[in-house]
Amino acid sequence: MAVVAAVPRVEAQAAPRNFGDQVLRFVMRAAALTLVLLVLAMIASMLHASWPAMRAFGWRFLASSTWDPVAEQFGAIPFVYGTLLSSLLALLIAVPLGIGAAIYLAELAPAWIRPPIAFLVELVAAVPSVIYGLWGIFVLAPLLRVWVQPALGKTLGFLPLFQGPPYGVGMLAAGIILAIMIVPYITAVSREVLLAVPTSQREAALALGATRWETTRIAVLRYGRSGLVGAILLGLGRALGETMAVTMVIGNRPEVALSLFAPGYTMASVIANEFAEATSDLYLAALIEIGLLLFVVTVVVNALARLLVWSVGGPVKVVRE
Amino acid sequence: MKTAWITALSLLAASAFAQPAAAQTLINGAGATFPYPIYSKWFDEYTKVDPEVRFNYQSIGSGGGIKQVTARTVDFGATDGPMNDEQLKAAPSELLHIPTVMGAVVATYNLPGSPKLKFTGDVLADIFLGKITKWNDAKIAALNAGVSLPDQPIVVVHRSDGSGTTYIWVDYLSKISSEWDKKVGRGTSVNWPVGLGGKGNEGVSGQVKNQPGALGYVELAYAVKNNLPVAAVKNAADKFVAPSIASTTAAAAGAAKNMPDDFRVSLTNPPGDEAYPIASFTWLLVYKDQPNELKGRAIAKFLWWMSHEGQKYADDLLYAPLPTPVVKQIEAKIKQITYQGKPLLVAR
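Here's what I pulled together on the structure shown here. Keep in mind it's a predicted model, so treat the numbers as computed, not measured.

**Comments concerning the overall build of chain B**
Tallying secondary structure elements over chain B gives 13 helices and 14 strands in all. Considered along the principal axes of its C-alpha atoms, chain B spans approximately 85 × 55 × 30 Å. Taken over 348 residues, chain B has a buried fraction of 50%. Taking contacts inside chain B between residues at least 6 apart in sequence as the whole, the part at least 24 apart equals 72%.

**What to know about the interface of chain A and chain B**
In this assembly, 24 residues from chain A lie in contact with 28 residues from chain B. Contributions of two or more residues to the side of chain A that touches chain B are made by β1 (67-68), α5 (129-156), α10 (244-249) and α11 (267-274) of chain A. Among the elements that take part in the side of chain A that touches chain B, α5 of chain A stands out by supplying four residues, more than any other. Within the side of chain A that touches chain B, the residues separate by chemical class into 14 nonpolar, six polar and four charged.

**A word on the nonpolar core**
Residues and elements named next belong to chain A. Formed by 176 residues in total, the largest nonpolar core has its most connected members in Ala 173, Ile 177, Ile 182, Ile 186 and Val 249. Top contributing element to this core by residue count: helix α6 (residues 171-195), with 18 residues. Look past the residues within four positions of Ile 177 in its chain and what remains in contact with it is Tyr 132, Gly 136, Leu 140, Ala 245, Val 246 and Val 249.

**What about helix α13 (residues 324-334) of chain B?**
Residues and elements named next belong to chain B. Within α13, burial applies to Val 326, Ile 330 and Ile 334. Down the axis of α13, the smallest arc covering the buried residues is 80 degrees, so these residues share one side. The outward face of α13, more than 90 degrees from its buried face, is lined by the exposed residues Thr 324, Lys 328 and Ala 332.

**Here we look at the packing of helix α3 (residues 77-108) of chain A against α6 of chain A**
Residues and elements named next belong to chain A. As a packed pair, α3 and α6 sit with axes 6 Å apart at the nearest point and diverge in direction by 35 degrees. Crossing hand, α3 versus α6: right-handed. Taken together, the residues of the contact of α3 with α6 sort by class into 23 nonpolar, six polar and two charged.

**Focus: the pairing of strand β3 (residues 76-79) of chain B**
All names here are of chain B. Covered by surrounding structure in β3 are Phe 76 and Ala 78 together with Gly 77 and Thr 79, the residues of both alternating faces. Pairing of β3 with strand β11 (residues 279-287), which is carried by three bridges, proceeds in the antiparallel orientation. Bridge pairing in β11 places Gly 77 opposite Leu 285.

About the criteria used
- Residues numbered from 1 in each chain as written.
- Chains lettered and ligands numbered in written order.
- Predicted model: local features only at pLDDT ≥ 70, side-chain atom pairs only at ≥ 80, totals over all residues.
- Helix = DSSP H or I, 4+ residues; strand = E, 2+ residues; numbered from the N terminus.
- Buried ≥ 20, exposed ≤ 12 C-beta atoms within 10 Å, placed from the backbone.
- Contact = placed C-beta atoms within 7 Å.
- Nonpolar A, V, L, I, M, F, W, Y, C, P; charged D, E, K, R; others polar.
- Core = buried A, V, L, I, M, F, W, Y, C linked by C-beta atoms within 7 Å.
- Arc of directions from axis to C-beta.
- Axes fitted to C-alpha atoms, helices over the stretch in contact; angles between N-to-C directions.
- Left-handed = near helix turned anticlockwise from the far one by under 90°.
- Pairing = 2+ DSSP bridges.

Written out as structure tokens, the structure is:
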């Protein structure tokens, strides 16, 4: 499990002893290099294909919020904003839910109930996103419009987050759909991480007189911290790149609105929506530049998250024994 | 037992070789999604007419169709909006637009009791510009005497994916409203002044169904199949015409008199009492001088069949068939298709 942590290298520098080892080393190195080359090739081809838009708009592309294919004026702000906000919302909902479920499954649940629940969680992860999208349009959006949004507007309407007419579809719907989609990933990976925490950790905490919650908090969660962050990052990666379900419920309006009721737009959605019919070179280049930007945003968000973990708890610790 | 096996195997092998090694011609095409149902019906039916030819069509969108036919990666393209002069110039040799069927775009809405509504192009443009925001606006009420319109905001729903349906809709609004033309213009995707975006016909109709007070546009075929309420629209002859297959064909008949030689014509707001004003052709794109004689002849023959016998399949699939005068014009155009300067269809 790559997300958990680096396993200590055993004699990594030792000279290979026989022919088989040499072949193995060569093949594995080739596999690793292929991945690196793939990423470099992606960046290179996106840079090449988005060059017309970069030349035409320069930094204005990152500073403008106009998206007008007819006049060929393109700016990325609403899409970057929509991607970040919808993913943040999804994390706010999915992280407590996913980690809570994982703690229950790994620490508290009776043994007989664990396999069926774990199986169900993995099943939910396999549902295609278009199904979530359709469910979003026909079930979630009406539910939000009729019940949730009016209630939120009445109680928390003084906050700019919960103002405006309730459409059902919009940023809130997108965040909830995304949260539902990433919960299984966060749960499944977190559960594995927690199960990998050695029993001696728990025994030590219990022996010191810690309660169940204290044991979980101090001995298990803290120990598995870097693995849990890995689980969350995996979910975040899914949320940032998710296309179909979000497109179907976010309202597809390239605007920066503070309210969660308002429609928005994400980077992945605009590419999915407009790529097939983008006929002019500049239009196509602008869409590919959005793709490049999505790549950059993903890398930056991941890097920031890792920095955050390191700053709180030192370098990533070894989880597996 | 062993010999039986060997006999069986050799029979099998013999029959495999005995299969007629028919030199099947495979013709590849790509483009518009809107006419895909009828194209796949045609390509299927056409194998009975000419078993030697197989068509393979990828509905990747009009933009992709134009790109691929220009790059000659496919033998023909298909588009819902005509290519512009710049695009035609970029093609390696002369491309012909051949109209195949027509479609219409209709306004659909969500109001209590689903009353039959009437609109003018001006009112539709004002709604989509965000200038008319309530259902009981005086301008809407004036067109719909006797209908009780609620004091409710209009929630505009449009397509979020680039599509020929959007092109037809905004092409119509651009013709009617100079303000729309100036502020928004024509395209498969535009910068919408107001509204929510739904993906595909099902996304738009889903949001219209769920949102009281919503107004959106979808293809006629989609609206009919799903029993959506649709509005009548005032045409160039000042008549309110409900969208239907007959009124869509009438739109093409109205435009036939002034048909440009290359068929690149917008059918929106055409003359004619019966004409529904938000209609359009969809076209196949073929090279006038075909690079391959065998394929070229097959394409020309198919085009002839499609514009004659093939038209009878249109009704069932809710496309409007071509009117007779337009078919005559297409006949002349198909006869211009050549291979190395020699016409491919002569004996007709």
